[in-house]
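Remarks on the overall topology
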Amino acid sequence: MTGRSLHRFTGDEQSKSSSFTCSLQDAKLLLDSFNHGSWSEGSSETTVKEKVKDKFRDDGVYFSFRIEHIHFVLLISRQGKVRLTKWYSPYSQKERSKVIRELSGMILTRGPKLSNFVEWRGFKVVYKRYASLYFCMCINQEDNELEILEIIHHFVEILDRYFGSVCELDLIFNFHKAYYILDEILIAGELQESSKKTVARLVSAQDSLVEAAKEEANSISNIIAQATK
Amino acid sequence: MNPFSSGTRLRDMIRSIRACKTAAEERAVVRKECASIRAAISDNDQTFRHRNLAKLMFIHMLGYPTHFGQMECLKLIAAPGFAEKRIGYLGLMLLLDERQEVLMLVTNSLKQDLNQNNQHIVGLALCALGNICSADMARDLAPEVERLLQFRDPNIRKKAALCSIRIIKKVPDLAENFVDPVVSLLKEKHHGVLLTGIQLCTDLCKVNEEAFEYFRKRCTEGLVRSLKDVVNSPYVPEYDISGIADPFLHIRLLRVLRILGHGDADASDCMSDILAQVATKTESNKNAGNAILYECVGTIMSVEDNGGLRVLAINILGRFLSNRDNNIRYVALNMLMKAIAVDAQAVQRHRATIVECVKDLDASIRKRALELVYLLVNESNVKPLTKELIDYLEVSDHGFKGDLTAKICSIVEKFYPDKIWYIDQMLKVLSEAGSYVKAAVWHALIVVITNASNLQGYSVRSLYRAIQISPDQETLIRVAVWCIGEYGDMLVNNIDMLDIEEPITVTESDAVDVVETAIKHHSLDLTTRAMCLIALLKLSSRFPCCSQRIKEIIAQSKGSLLIELQQRSVEFNSIIEKHQNIRSALVERMPVLDEATYNGKRASSAPAAVSASLEFASNLPNGVIAKTDVAPLVDLLDLGGDEPAPPSSSGGNFLLDLIDVDMPPSSSQSVSGTSQPQKSGTDVLLDLLSTWSPPPQKESPTTDIVLLNQDDNTSVNALDSVSSSMVPSGQAKPTGSAMMDLLAEFGPHPETPEDSGPTYPPIVAYESSALTITFNFSKRPGSPQTTDIEALFTNKSSDVYTDFVFQAAVPKFLQLHLEPASSNTLPGSGNGSITQKLHVTNRQHGKKSLVMRIRLSYKLNNKDILEEGQISNFPRDL
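1. Section: the overall build of chain B
- For chain B, the helix and strand inventory stands at 40 helices and ten strands.
- Within chain B, the proportion of its 878 residues that are buried is 57%.
- For chain B, long-range pairs separated by at least 24 residues make up 68% of all intrachain contacts whose partners lie at least 6 apart in sequence.
- With an accessible surface of roughly 35,800 Å², chain B has 52% of that area assigned to carbon and sulfur atoms.

Set out below in structure tokens:
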């Protein structure tokens, strides 16, 4: 029985690379998330968890320690203005603006006929342009890029349905609505609903709750206003 | 509470920001808004709290700091109404991330909201928890989430399922609790719940083996049935995407089957029918269908072998590869890389198409294709593939040339069928993209040329031709100049003509011209010029008729601002002028450089301290070499006396390097012997020579260094150490002597005979009042990146330490492997010790040295004690 460290563990996987292995970046995220994950110990007991790791490491195939499926979602206008950002993996404020800068530099300059995938820092960024807006999602190397394109389209169709042929201005002035819709489609970087109808129904149900509350507030303030006259 | 203080509406603010023409204007508007929001916050204004937060979010998106609004989110979340909560949670997710302490404050509100009756509020809380929860929150709120997996409304169940994914990723220990709820989620018909349930199942399989085995046994069939149902389901407008019912569900089902089927023949059997159906029946004219096919291929590759399915999968990839859509080609290349491991032959069939993809306009595709080609190369196809790649090198754009060059060089070095081909290809690469060629690669080329005695003439003539065509490639010039220096006579006299060669007539002065042009070329660096000087010195002896001209060229560097060139010029000049008698011996052709040694050295990627094999040392024609070596030594001593200035430190180095280069251990005695009479030389030399004498006569400054080398032969190691201790600045070798280093690199390093690599002194890695840790190092032959460390723990106190555990952590460029300790009890007062072996692999060997954090825990009189420390005093080059 040998002691192990997560470094080694993830590193080995990569070197085997027989198929879907995890990337170093995953390992980094992993380490970020496990405070003490990196201690290695020469203990002679084997816990179940260690066994799992052993097994998966030896197979070295699909086991990937990713934190999220989709790491972040970005909407960037053709001028490089940010219209929506959603971070499912932890990025500090500084990192966020760096990421946005890097990616807009890469994506906005790409020609129209090229593929929709950009490799970036060991991740993949899947982007698609709708009119003046670029929808970008960052995923791991081994994820299904074509599916992400479908998810982007799914999101756009729901936005379209909600705003009635959506345009960039809708998303600027109603950015919070766009976030609400996104939150009904993705949680923790995973898809939660494949039915556009359901999403639309849920968002409008919540909208009407807000409207009702507003009206109530207005009527109360009217009453107060009238009373204090 | 002044309603007028809260300023404009959100819409108005966005408008005024958009109306700004300059960044300064925008900043001014934002500053004003932020000021009024801050004022509202300090007034504790409730009426416009949600509007202010919405404004802050917009400002945040523009990239301005908004940390002052974080508490507002919490206040809104704590408010009773849905409207406030909704914006509050949105702000929470946008303005905060899991690493902020403030987040802890929200745990309680989240808990309350998760227990609310209003499903929308529960939904908000779940969404926020799923997106930003930290490990602590996950632990606190897991029971609530678990309960919500059975909530009456399916929309909450699906949110809870995704939230659980986040929780088990943050705290894998909680995984067991979610196994049973997942089994029931998988039976659901609601697509959203099924979709998220499958994802949760997938992630549980990844973090918990028991769960994985359980699902494999209990759920495989059910999932296969679900896949069948969705594949065969009739048209449902709600889920339909381009004629396929819920492709997202398809993909997630395929993904979970990939995991369940991997390494399990029964499970794989169970799903093979439906996989075949998906692979054959799915429409491939729309993206959604292709996404499913792509996922299906991945699943087929991963589940246990089924020949028919694999063929099907490879065929799909073949179709993808010929697709006009770039996206499809990209994923095909991606998947083919994985398919190589399964069926390399089948992938080879698509070689031509893949090579075309290397030339694609799209950088992403090029990169994938190049990597794939690299994997595809073998002995039988290396020639055509390399030709394709080199042809493409001419037209590829700059950003891609680096990658491409590195790959070509690596392919050529790995698979070359014969040396002449190797030399030809390398020359092509050097002439095309010389600046992208790594130093190790052209060093290797020189090693190969020196070893191929029948090709030296051919090489030097080819290089001569190449340099006429591409006079600006510095690396090409270096190799050419080196070869002309060594084999100039072969160039001029057309020695060793091969049949395929066209004869060329090169006069002696043509050859000198080349070197002269190079040394005068404005853009070349010090190393190249230094190499030129050496080549000239060599040519002066090879071409006596040009000697005078060469002397003049060398003399031109006497005034060089670069001290290294100046010194060489002076020294070489004096060799040509005053030492005609020994010159020819001095500048004899370099001895053949041992390929095995060099390759071993490259693998270690450390320029200094590399092992050389004994066979090689004994292969050397000892007599001759000894003679030629002694000569320069004598000569330099003379030189030291002649020149008014005392030799600089680099002069010492020069000498060292010369010895370093060509001195087999057997001749060391003769060196010191010959040199003894020359004691009029400088102190530096004396010092140097003293290291050659047998250990007992060691002088004090060098003693401890040599003592470390307990082998009988005074190894080069010691010499290296001495050289570093001699240079006052503490630098081992001034950069100026790069050329000499270069020679040293090629030279056979007479060293420890048993190829055991360099030895390192033990260090006291850690010392506290209670104990000491000592590290002993050893290197395994052939793997210089790996260091074996034997840690020795000794107890300084008189008490016994029990349950002694040593832990270590290393940064990412290192890999650490610990073996079990010899014992977990450390007896007191030096009555024994614990040893434990560590194996460290340094992936940045030569660039970074080792570093390690350690933690010791043990029990002293039944009291737990923890000690921590960092070790950074490892020897360099480990």
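2. Points about helix α20 (residues 363-376) of chain B
- Compared with an ideal rise of 1.5 Å per residue, which puts 14 residues at 20 Å, α20(B) spans 20 Å between its outermost C-alpha atoms and is within 8% of the ideal.
- Those residues of α20(B) that fall on the buried side of the exposure criterion are Ser364(B), Ile365(B), Arg366(B), Arg368(B), Ala369(B), Leu370(B), Leu372(B), Val373(B) and Leu376(B).
- In this structure, the buried side of α20(B) is in contact with β4 (117-120) of chain A together with α17 (326-342), α18 (344-348), α19 (351-358), α21 (382-395) and α22 (398-415) of chain B.

3. Quick look at the environment of Leu321(B)
Residue and element names in this part refer to chain B.
- Tracing the chain through its elements places Leu-321 in helix α16 (residues 307-321).
- Taking C-alpha positions, Leu-321 is 7.3 Å from Thr-353, a pair spaced 32 residues apart along the chain.
- Leu-321 has contacts with Arg-329, Ala-332, Leu-333, Leu-336, His-350, Thr-353 and Ile-354, leaving out every residue within four places of it along the chain.

4. Some points on the pairing of strand β3 (residues 82-87) of chain A
All names here are of chain A.
- Burial analysis of β3 places six of its six residues in the buried class, which makes it a mostly covered element.
- As paired strands, strand β2 (residues 70-77) and β3 are joined by five bridges and run antiparallel to one another. Among the inter-strand pairings, Ile-76 is bridged to a residue of β3, identified as Val-82.
- Hairpin connection, β2 to β3: the antiparallel pair is bridged by four residues, and Gly-80 has positive phi, about 90°.

5. Quick look at the environment of Met271(B)
All names here are of chain B.
- Positionally, Met-271 belongs in helix α14 (residues 265-281).
- By relative accessible area, Met-271 is classed as buried at 0%.
- When near neighbours in sequence (up to four residues on either side) are disregarded, Met-271 contacts Thr-220, Val-224, Leu-257, Gly-261 and Val-303.

6. Focus: helix α27 (residues 508-520) of chain B
All names here are of chain B.
- For α27, with 13 residues, the first-to-last C-alpha span of 18 Å sits near the 18 Å given by 1.5 Å per residue.
- Listed as buried for α27 are Ala-511, Val-512, Val-514, Val-515, Glu-516, Ala-518 and Ile-519.
- Lining the buried residues of α27 we find α25 (456-469), α26 (474-493), α28 (526-542) and α29 (547-556).

7. Notes on the nonpolar core
- Counting residues in hydrophobic clusters, the biggest one holds 263 residues, and the most contacted among them are Leu186(A), Leu92(B) and Phe215(B).
- Looking at this core, the element that brings in the most residues is α26(B), giving twelve residues.
- Apart from residues no more than four positions distant in its own chain, Leu92(B) is found in contact with Cys73(B), Leu74(B), Ile77(B), Leu103(B), Val106(B), Ala128(B) and Ile132(B).
- Of all hydrophobic cores here, the second largest spans 34 residues; its members include Phe777(B), Leu838(B), Met852(B) and Phe874(B).

8. Examining the confidence of the model for chain A
Residues and elements named next belong to chain A.
- Here chain A averages 73 in pLDDT, and 70% of its residues register 70 or above.
- The secondary-structure element of chain A with the lowest mean pLDDT is helix α1 (residues 6-16), recorded at 35, while strand β6 (residues 133-139) shows the highest, at 93.
- Taken together, the stretch residues 1-67 has pLDDT below 50 and engages in 155 contacts with residues farther than four places along the chain or on a different chain.

9. Describing the sheet that holds β6(A)
All names here are of chain A.
- Taken in spatial order, the five strands line up as β3-β2-β6-β5-β4 in an open sheet, and their pairing is antiparallel. Here the strands that pair on one side only, and so sit at the sheet edges, are β3 and β4. Taking each pair of neighbouring strands and ignoring which way they run, the sheet shows an average axis angle of 20°.

10. A look at the sheet that holds strand β5 (residues 783-795) of chain B
All names here are of chain B.
- One open sheet holds the five strands; their spatial order is β3-β4-β5-β8-β7, and the pairing between them is antiparallel. Edge positions in the sheet fall to β3 (763-767) and β7 (814-818), since each of these pairs with one other strand and no more. On average, each strand axis in the sheet is tilted by 25° relative to the strand beside it, whichever way the strands run.
- Here nine bridges tie β5 to strand β8 (residues 833-842), and the two strands are oriented antiparallel to one another. Within the sheet, the bridge partner assigned to Thr-786 lies in β8 and is Thr-841.

11. Section: the pattern of salt bridges
- For the structure shown, the criterion picks out 43 salt bridges over all chains.
- With its nearest N and O atoms 3.2 Å apart, the salt bridge here joins Lys75(B) to Glu72(B). Of this pair, Lys75(B) and Glu72(B) both sit in helix α4 (residues 70-78), three residues apart, roughly one helical turn.
- For Glu72(B), a relative accessible area of 6% puts it in the buried group.
- Measuring nitrogen to oxygen at the nearest pair gives 2.5 Å for the salt bridge that ties Lys538(B) to Glu486(B). Residue Lys538(B) is located in helix α28, and its partner Glu486(B) is located in helix α26; the two are separated by 52 residues in the primary sequence. Accessibility classification places Lys538(B) together with Glu486(B) in one group, the buried group.
- Among the ionic contacts, a cluster of salt bridges with common partners joins Glu147(A), Arg252(B), Arg255(B), Arg258(B) and Glu295(B).

12. Brief notes about the packing of aromatic side chains
All names here are of chain B.
- Going through the model one piece at a time under the given rule, you end up with 23 aromatic pairs over all chains.
- The interplanar angle of 65° and the centroid separation of 6.2 Å between the aromatic rings of Tyr-214 and Phe-215 together place this pair among those described as edge-to-face.
- For Tyr-214, a relative accessible area of 27% puts it in the partly exposed group.
- Taking the relative accessible area as the measure of exposure, Phe-215 reaches 0% and is therefore buried.

13. Considerations on the packing of α14(B) against helix α15 (residues 287-302) of chain B
Residues and elements named next belong to chain B.
- One way to put it is that α14 packs onto α15 with a least axis distance of 9 Å and a crossing angle of 145°. Every pair of crossing elements has a handedness; the one defined by α14 and α15 is left-handed. Between α14, through Leu-275, Val-278 and Ala-279, and α15, the contact on the second element is made entirely by Ile-292, Leu-293, Cys-296, Thr-299 and Ile-300.
- Tallied by class, residues from the contact of α14 with α15 come to seven nonpolar, one polar and no charged.

14. What to know about unusual backbone geometry
Residue and element names in this part refer to chain B.
- Phi angles above zero are rare outside glycine, and Ser-242 is one such case at about 40°.
- According to the relative accessible area criterion, Ser-242 is partly exposed, its value standing at 35%.
- Not every positive phi belongs to a glycine, and Asp-803 is a case in point at roughly 50°.
- Inspection of the secondary structure assignment puts Asp-803 in strand β6 (residues 801-809).
- Since its relative accessible area comes to 39%, Asp-803 is described here as partly exposed.

15. Side note on the side chain of Arg166(B)
Residues and elements named next belong to chain B.
- Topologically, Arg-166 is positioned in helix α9 (residues 154-170).
- Exposure remark for Arg-166: the relative accessible area of 2% places this residue in the buried category.
- Polar contacts involving the side chain of Arg-166 include one to the main-chain carbonyl oxygen of Asn-131, which spans 3.1 Å.
- Among the polar contacts listed, one links the side chain of Arg-166 to the backbone oxygen of Cys-133, at a separation of 3.1 Å.

16. Let's talk about the interface of chain B and chain A
- Counting residues at the interface gives 110 residues for chain B, matched by 100 residues for chain A.
- Both sides together, the interface formed by chain B and chain A hides about 9,000 Å², and carbon and sulfur atoms give 56% of it.
- For the chain B face of the interface with chain A, the top three residues by lost area are Met61(B), Arg86(B) and Lys206(B), together amounting to 8%.
- Connecting chain B to chain A are nine salt bridges.
- With a shortest N-O distance of 2.8 Å, Arg368(B) and Glu119(A) are connected by a salt bridge.
- Across the contact surface, chain B and chain A share 28 residue pairs in polar contact (both at pLDDT 80 or more).

Reading the values: the criteria
- Residues numbered from 1 in each chain as written.
- Chains lettered and ligands numbered in written order.
- Predicted model: local features only at pLDDT ≥ 70, side-chain atom pairs only at ≥ 80, totals over all residues.
- Heavy atoms only, no water.
- Helix = DSSP H or I, 4+ residues; strand = E, 2+ residues; numbered from the N terminus.
- Buried < 20%, exposed > 50% of the residue type's maximum accessible area, 1.4 Å probe, protein only.
- Contact = heavy atoms within 4.5 Å.
- Areas by Shrake-Rupley, 256 points an atom, 1.4 Å probe, with all protein chains shown as cover.
- Expected span 1.5 Å × (residues − 1).
- Pairing = 2+ DSSP bridges.
- Core = buried A, V, L, I, M, F, W, Y, C linked by side-chain atoms within 4.5 Å.
- pLDDT = per-residue confidence, 0-100.
- Axes fitted to C-alpha atoms, helices over the stretch in contact; angles between N-to-C directions.
- Salt bridge = Lys/Arg side-chain N within 4 Å of Asp/Glu carboxyl O.
- Phe/Tyr/Trp six-rings, centres within 6.5 Å; stacked < 30°, edge-to-face > 60°.
- Left-handed = near helix turned anticlockwise from the far one by under 90°.
- Nonpolar A, V, L, I, M, F, W, Y, C, P; charged D, E, K, R; others polar.
- Polar contact = N/O pair within 3.5 Å; in protein donor to acceptor, adjacent residues only side chain to side chain.
- Buried area = accessible area lost by both parts, 1.4 Å probe.

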